[in-house]
Amino acid sequence: MRRGGEGDQGAADRIDKTLYLAVTEDEKFVYVQNAVSGTVYGFRVEADGALTKITTAEGLPAFDESGIEGIAAV
């Protein structure tokens, strides 16, 4: 996969402190967890390998011994 092009300002580059990521078995989607902020980002993998951000889940417990840790995609 490659990072997003100039048109989307490199969406993957804007994610701070990424701790975990998961790719679906069919390799069509990538999910990135930022445990520090309690956020999960969802990306579609385009035919050329670019990532297009399609969703954001916010408000999850931030990591501090009891927050989110780890991620899985199916």
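Quick caveat, the model's predicted, so the values are computed rather than measured. (Residues numbered from 1 in each chain as written. Predicted model: local features only at pLDDT ≥ 70, side-chain atom pairs only at ≥ 80, totals over all residues. Heavy atoms only, no water.)

Caption draft 1: A look at the overall build of the protein. A count of helical and extended segments in the protein gives 0 helices and 4 strands. Reading the helices (α) and strands (β) of the protein from amino to carboxyl end gives β-β-β-β. Per-residue burial for the protein yields a buried fraction of 31% across its 74 residues. Element-wise, carbon and sulfur atoms account for 48% of the exposed surface of the protein, whose accessible area totals about 5000 Å². (Helix = DSSP H or I, 4+ residues; strand = E, 2+ residues; numbered from the N terminus. Buried < 20%, exposed > 50% of the residue type's maximum accessible area, 1.4 Å probe, protein only. Areas by Shrake-Rupley, 256 points an atom, 1.4 Å probe, with all protein chains shown as cover.)

Caption draft 2: Inspection of unusual backbone geometry at higher detail. The residue Glu27 is not glycine, and still its phi comes out positive at about 60 degrees. Structurally, Glu27 is set in the loop between strand E1 (20-23) and strand E2 (29-34). Classification of Glu27 as exposed rests on a relative accessible area of 57%.

Caption draft 3: Molecular detail of the environment of Thr39. With respect to the helices and strands, the residue Thr39 is situated in strand E3 (residues 39-45). Considering only alpha carbons, one finds Thr39 and Glu58, 19 residues apart in sequence, at a separation of 4.6 Å.

Caption draft 4: Just the environment of Ala35, in detail. Checked against the element boundaries, Ala35 lands in the loop between E2 and E3. By relative accessible area, which is 0% here, Ala35 ends up buried.

Caption draft 5: View of the sheet that holds E2. The sheet built from 4 strands is open, its strands ordered E1-E2-E3-E4 with antiparallel pairing. Looking at which strands have only one partner, the edges of the open sheet turn out to be E1 and strand E4 (51-57). Ignoring which end each strand starts from, the neighbouring axes of this sheet average 20 degrees apart. Pairing of E1 with E2, which is carried by 4 bridges, proceeds in the antiparallel orientation. Note on E2: the bridge partner recorded for Leu21 is Val32. (Pairing = 2+ DSSP bridges. Axes fitted to C-alpha atoms, helices over the stretch in contact; angles between N-to-C directions.)

Caption draft 6: Fine view of the confidence of the model for the protein. Here the protein shows a mean pLDDT of 75. Residues at 70 or above account for 59%. Ranking the elements of the protein by mean pLDDT puts E1 last with 88 and E4 first with 94. The model gives residues 1-9 a pLDDT under 50, and that stretch makes 16 contacts with residues more than four places away or in other chains. (pLDDT = per-residue confidence, 0-100. Contact = heavy atoms within 4.5 Å.)

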